[in-house]
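Chain and residue survey
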Amino acid sequence: MKTVSAVQLDPIDRKMLRLLQADGRMTNSELARQVALSESACLRRLRALETAGVISRYAAVINERAVGLPISVFVTVTLSSQAESALTAFETAIASVPEVVECYLMTGGSDYLLRLVVRDVDDLERVHARSLTTIPGVTRVSSSVAMRTVVKRGALPV
């Protein structure tokens, strides 16, 4: 498992991160006001957080139901081999499946855990038959459909 050194964050950095997680479109002027810094000092800190990789990107959070993708499916995938080349081949292939919104290499009984978003059961069947099971080395695919989302946080507890 790869480890990444944690960046040392002071209370102002943490407050900036909490505010930006709540509103990524917040202007630097508003952010500076809320953390009691000058705009230039706030922008320097923000750029330092970006450079250090603490802020990896900015994005809009899209309502899955509103765009016709109301079903989340959790899929476990088992490969025939756990050799580095097999893992790399799977990861390259799965990255091209647009319905896969998350993919994790796992410990335990299966090799990968995926989260897919689909329109309906027919869409799930299509992804399963034409994408997931056609990837070389895949020996087992098991799917579970989420009935409803109980907790889904977009913000980390910084």
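Above: the structure in question.
Let's shift gears to the overall build of the protein chain. Summing up its helical and strand segments, the protein chain has five helices and four strands in all. In summary, the protein chain has a C-alpha radius of gyration of 20 Å against a globular reference of 15 Å for 158 residues, an excess of more than 25%. Per element, the accessible surface of the protein chain, about 11000 Å² overall, is 54% carbon and sulfur.

The volume enclosed by the largest pocket comes to roughly 1700 Å³. Elements that contribute at least two residues to the lining of the largest pocket include exactly helix H1 (11-22), strand S1 (71-79) and strand S2 (100-105). In terms of residue count, the dominant contributor to the lining of the largest pocket is H1 (four residues). Taken together, the residues of the lining of the largest pocket sort by class into 23 nonpolar, seven polar and ten charged.

Running from N to C, H1 and helix H3 (residues 39-51) cross one another at 80°; their axes reach a closest spacing of 11 Å. Judged by the inter-axis angle, H1 sits roughly perpendicular to H3. Judged by residue contacts, Ile12, Asp13, Met16, Leu17 and Leu20 of H1 engage Cys42, Arg45, Leu46 and Leu49 from H3. For the contact of H1 with H3, a count of residues per class yields seven nonpolar, no polar and two charged.

Turning to the packing of aromatic side chains, a few remarks are in order. If you walk through the whole model with that rule in mind, you get one aromatic pair. Taken together, a centroid distance of 4.4 Å and an interplanar angle of 35° make the contact between Phe90 and Tyr112 tilted. Taken together, the residues span a long stretch of sequence, with Phe90 in helix H4 (residues 84-94) and Tyr112 in strand S3 (residues 112-118) at a distance of 22 residues. Each of the two residues, Phe90 as well as Tyr112, counts as buried.

Our focus in this paragraph is the pattern of salt bridges. Under the counting rule described, the total for this entry stands at ten salt bridges. A salt bridge links Arg45 to Asp10, with the shortest nitrogen-to-oxygen separation between them at 3.0 Å. Remark: Asp10 occurs in the segment before H1 and Arg45 occurs in helix H3; sequence separation between them is 35 residues. What makes Arg45 partly exposed here is its relative accessible area of 24%. Arg126 is the partner of Glu99 in a salt bridge, and the nearest nitrogen-oxygen pair spans 2.7 Å. Of this pair, Glu99 sits in the loop between H4 and S2 while Arg126 sits in helix H5 (residues 121-132); the two residues are 27 residues apart in sequence, bridging distant segments of the chain. By relative accessible area, which is 27% here, Arg126 ends up partly exposed. What you see here is one network of salt bridges that share partners, running through Glu64, Glu102, Arg115 and Lys152.

Compared with an ideal rise of 1.5 Å per residue, which puts 13 residues at 18 Å, H3 spans 18 Å between its outermost C-alpha atoms and is within 8% of the ideal. Taken as a whole, H3 has its buried residues at Ala41, Cys42, Leu46 and Leu49. For H3, the angular spread of the buried residues around the axis is 135°, confining them to a single face. For H3, the exposed residues lying more than 90 degrees away from the buried face are Arg44 and Thr51. Residues of H3 that are buried in the fold lie against H1 and helix H2 (28-35). Positioned one or two residues after H3, Gly53 has a phi angle of 85°, which is positive.

With that out of the way, let us pick up the nonpolar core. Judged by nonpolar contacts, the single largest core of 19 residues is most densely connected at Val75, Val77, Phe90, Ile94, Leu114, Leu116 and Leu132. If you list the elements that add at least two residues to this core, you get S1, H4, S3, H5 and strand S4 (138-145). Leu9, Met16, Leu31 and Ile55 belong to the second-largest nonpolar core, a separate cluster that totals 13 residues.

Quick notes on the rules
- Residues numbered from 1 in each chain as written.
- Predicted model: local features only at pLDDT ≥ 70, side-chain atom pairs only at ≥ 80, totals over all residues.
- Heavy atoms only, no water.
- Helix = DSSP H or I, 4+ residues; strand = E, 2+ residues; numbered from the N terminus.
- Rg over C-alpha atoms; globule rule 2.2 N^0.38 Å.
- Areas by Shrake-Rupley, 256 points an atom, 1.4 Å probe, with all protein chains shown as cover.
- 1 Å grid on protein atoms, 1.4 Å probe; cavity = no way out; pocket = protein on both sides within 12 Å on 5 of 7 lines; lining within 4 Å.
- Points joined across faces, edges and corners; volume = space filled by probe spheres on them.
- Nonpolar A, V, L, I, M, F, W, Y, C, P; charged D, E, K, R; others polar.
- Axes fitted to C-alpha atoms, helices over the stretch in contact; angles between N-to-C directions.
- Parallel < 35°, antiparallel > 145°, perpendicular 65-115°, else oblique.
- Contact = heavy atoms within 4.5 Å.
- Phe/Tyr/Trp six-rings, centres within 6.5 Å; stacked < 30°, edge-to-face > 60°.
- Buried < 20%, exposed > 50% of the residue type's maximum accessible area, 1.4 Å probe, protein only.
- Salt bridge = Lys/Arg side-chain N within 4 Å of Asp/Glu carboxyl O.
- Expected span 1.5 Å × (residues − 1).
- Arc of directions from axis to C-beta.
- Core = buried A, V, L, I, M, F, W, Y, C linked by side-chain atoms within 4.5 Å.

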